[in-house]
Amino acid sequence: MKIKDIRATVHRLPIYLPRIEAPTEHRHHVFCEVETDEGHVGYGMTARFLTRAVASALEHDIAPAVRDLDPRDIEAVHDRVGRVVSERGQMTGVNLAALSCLDIALWDVIGKAAGRTVAQLLGGHRDFATVYMTYGFGNYDRDQLAELALELIAEGYTRIKMLVGVPGLGWREDAARVRHVRAAIGDEIDLALDANEGYSAGDALKLCRAVEECDVAWLEDPVHDNDVRALRHLRRHTSIPLAAGQMDGHSARFRQFLENDAIDILLPNPMFNGGMTETRRVAALSQIYEKPLSDAGGATYFSLHHVAAFRNGTHVECHFKSRFMEENLFVDAPKPRDGVLRVPGGPGFGLTINRDLLKDTAVED
């Protein structure tokens, strides 16, 4: 089997939030198709930054380099791509996004050729993952946050995540919002927080001290740039577990976190870190260091497979800002039920693409 063609397109997709009628924003995604000489077609996706450059790199630089390689020889493909996109050092930016998109599509091809899901190819621990719902955005006031949380619990979710570090609010208001939600949902529901790297080291510590009694499941990306020294210091001064990795979660970065004892939970996102191949390396690190493996960043139906595949996989993120887009983009995509998301039964990622949506959202050059 050989790679025959690679096609990449950019799409502008609306983001909706419950109780807000108009789209809150539009996000750009790159959609990639890898076709083989045996007729298998694999799909990959990445988001949100410099998407035209990513699509151009895939079609004009990467495709000629990997054409006629066997997609199952994944290390050979990565070796060839590495020579094209990064002369030395760690890949970042457009280079890494393009590789992520390609690699996801290659694993889809490999799974379809083998008749197995990507979760099975990666390890096959189970065919499902428990879910946490990211819902708590700055668009909502305290009462709306509490009401939405109770609605999610009524739907069967037992793990929810809300944003802190929201520009314009400050850590004191963040703490008040967290306490308000915890009081509304009671003690039996897991409540996690995500700062999106929004705090200084000092403010992150102040927030932790202010919400320590709220039994926070984890605090994600708490400090600017996920600075390792700041994370290590914060971890030594709070009982709240720290998590990181959705935007810069390649294996070398996680190795830095782990060697400095700076995080508790690993959150790789294959759309940004180099794909499933790099996520597999991160999973190996998580097992070596005996840390939980989860995900974050809005790649639900791809990340589901690595969370399900490994024994230390825990929860997959379902995200208010991406779930409606993903459920429309992937025909018959499974939906969480009673806090569990099952791996689709089809080979590869088990996803059928909504061609009409792709056509309607395509961004012309």
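The structure displayed is predicted, hence computed values, not measured ones.

Within the protein chain, the regular secondary structure consists of 14 helices and 13 strands. Against the 2.2 N^0.38 benchmark of 21 Å for 365 residues, the protein chain shows a C-alpha radius of gyration of 20 Å, consistent with a compact globule. Seen along its three principal axes, the alpha-carbon backbone of the protein chain occupies a region of about 60 × 45 × 40 Å. A buried classification covers 57% of the 365 residues belonging to the protein chain. In the protein chain, the proportion of contacts linking residues at least 24 apart, taken out of those at least 6 apart, comes to 72%. Surface summary for the protein chain: the accessible area is close to 15100 Å², and the carbon and sulfur share equals 45%. In the protein chain, 42 side chains carry a positive charge and 54 a negative one; their mean positions are 3 Å apart.

Moving on, we come to the environment of alanine 113. Positionally, alanine 113 belongs in helix 3 (residues 93-114). Taking the C-alpha atoms as reference, alanine 113 lies 21 Å from alanine 333; in sequence the two are 220 residues apart. Apart from residues lying up to four places away in sequence, alanine 113 is in contact with Met1 and His40.

Here we take up the side chain of threonine 300. For threonine 300, the position within the fold is in helix 12 (residues 300-309). Here glutamate 317 takes part through its backbone oxygen, which lies 2.8 Å from a polar atom of the side chain of threonine 300. Residue contacts for threonine 300: discarding those within four places in its chain leaves Val316, Glu317, Cys318, His319, Glu326 and Leu341.

Right, let's talk about the nonpolar core for a bit. As a rule of thumb, soluble globular proteins bury nonpolar side chains together. Grouped together as the largest cluster of nonpolar side chains are 123 residues, with contacts concentrated most on Leu58 and Tyr135. Considering each element in turn, this core owes the most residues, 12 residues, to helix 3. Setting aside its immediate chain neighbours within four residues, leucine 58 contacts Ile6, Ala8, Val30, Cys32, Ala63, Ala98, Cys101 and Leu102. Counting residues in hydrophobic clusters, the runner-up holds seven residues, among them Ala192, Ile265, Leu267 and Ala296.

Looking along a regular strand, one sees side chains alternate from face to face of the sheet. Burial runs high along strand 10 (residues 315-319): five of the five residues are buried. Because side chains alternate across strand 10, one face comprises the buried residues His315, Glu317 and His319, and the other comprises Val316 and Cys318, equally buried. Here five bridges tie strand 4 (residues 128-136) to strand 10, and the two strands are oriented parallel to one another. Directly across from methionine 133, in strand 10, lies its bridge partner cysteine 318.

This brings us to the packing of aromatic side chains. On inspection of all chains with the given rule, the structure shows seven aromatic pairs. Ring plane angle 80° and centroid distance 5.0 Å describe the contact between tyrosine 132 and tryptophan 218, whose orientation is recorded as edge-to-face. Here tyrosine 132 is found in strand 4, whereas its partner tryptophan 218 is found in strand 7 (residues 216-220), with 86 residues between them in sequence. Each member of the pair tyrosine 132 and tryptophan 218 is classed as buried. Here the aromatic rings of phenylalanine 302 and phenylalanine 349 are separated by 5.0 Å at their centres, their planes lie at 85°, and the arrangement is edge-to-face. Of this pair, phenylalanine 302 sits in helix 12 while phenylalanine 349 sits in the loop between strand 12 (340-342) and strand 13 (352-353); the two residues are 47 residues apart in sequence, bridging distant segments of the chain. It is arginine 126 that lies over the ring of phenylalanine 128; its NZ or CZ is 4.8 Å from the centre. The side chain of lysine 321 reaches across the aromatic face of phenylalanine 137, ending 5.1 Å from its centre.

Right, let's get into the pattern of salt bridges. Opposite charge on two side chains allows them to pair when their charged atoms are near. All told, the structure shown has 23 salt bridges when counted by the stated rule. With a closest N to O distance of 3.0 Å, arginine 235 and aspartate 261 form a salt bridge. Of this pair, arginine 235 sits in helix 8 (residues 228-236) while aspartate 261 sits in the loop between helix 9 (251-259) and strand 9 (265-266), and the two are 26 residues apart along the sequence. Overlapping salt bridges, with partners in common, bring together Asp5, Arg7, Glu33, Glu35, Arg67 and Arg355 in one network.

Further remarks concern the packing of helix 3 against helix 11 (residues 276-288). Closest axis-to-axis distance for the helix 3/helix 11 pair is 8 Å, and the angle between their directions is 90°. When the axis of helix 3 is compared with that of helix 11, the two are roughly perpendicular. Residues Asp103, Ile104 and Trp107 of helix 3 touch helix 11, and the partners they reach there are Met276, Thr277 and Arg280. When its residues are assigned to classes, the contact of helix 3 with helix 11 shows three nonpolar, one polar and two charged.

For the rest of this paragraph, the subject is the side chain of histidine 319. With respect to the secondary-structure elements, histidine 319 resides in strand 10. Residue classification places histidine 319 among the buried positions, given a relative accessible area of 13%. Engagement of the side chain of histidine 319 in a polar contact is seen with the backbone nitrogen of lysine 321, the distance being 3.0 Å. Not counting residues within four places of it along the chain, the set of residues in contact with histidine 319 comprises Met133, Thr134, Phe137 and Thr300.

Conventions adopted
Residues numbered from 1 in each chain as written. Predicted model: local features only at pLDDT ≥ 70, side-chain atom pairs only at ≥ 80, totals over all residues. Heavy atoms only, no water. Helix = DSSP H or I, 4+ residues; strand = E, 2+ residues; numbered from the N terminus. Rg over C-alpha atoms; globule rule 2.2 N^0.38 Å. Buried < 20%, exposed > 50% of the residue type's maximum accessible area, 1.4 Å probe, protein only. Contact = heavy atoms within 4.5 Å. Areas by Shrake-Rupley, 256 points an atom, 1.4 Å probe, with all protein chains shown as cover. Lys, Arg positive; Asp, Glu negative; His and termini not counted. Charge placed at Lys NZ, Arg CZ, Asp CG, Glu CD. Polar contact = N/O pair within 3.5 Å; in protein donor to acceptor, adjacent residues only side chain to side chain. Core = buried A, V, L, I, M, F, W, Y, C linked by side-chain atoms within 4.5 Å. Pairing = 2+ DSSP bridges. Phe/Tyr/Trp six-rings, centres within 6.5 Å; stacked < 30°, edge-to-face > 60°. Lys NZ or Arg CZ within 6 Å of the ring centre and 35° of its normal. Salt bridge = Lys/Arg side-chain N within 4 Å of Asp/Glu carboxyl O. Axes fitted to C-alpha atoms, helices over the stretch in contact; angles between N-to-C directions. Parallel < 35°, antiparallel > 145°, perpendicular 65-115°, else oblique. Nonpolar A, V, L, I, M, F, W, Y, C, P; charged D, E, K, R; others polar.

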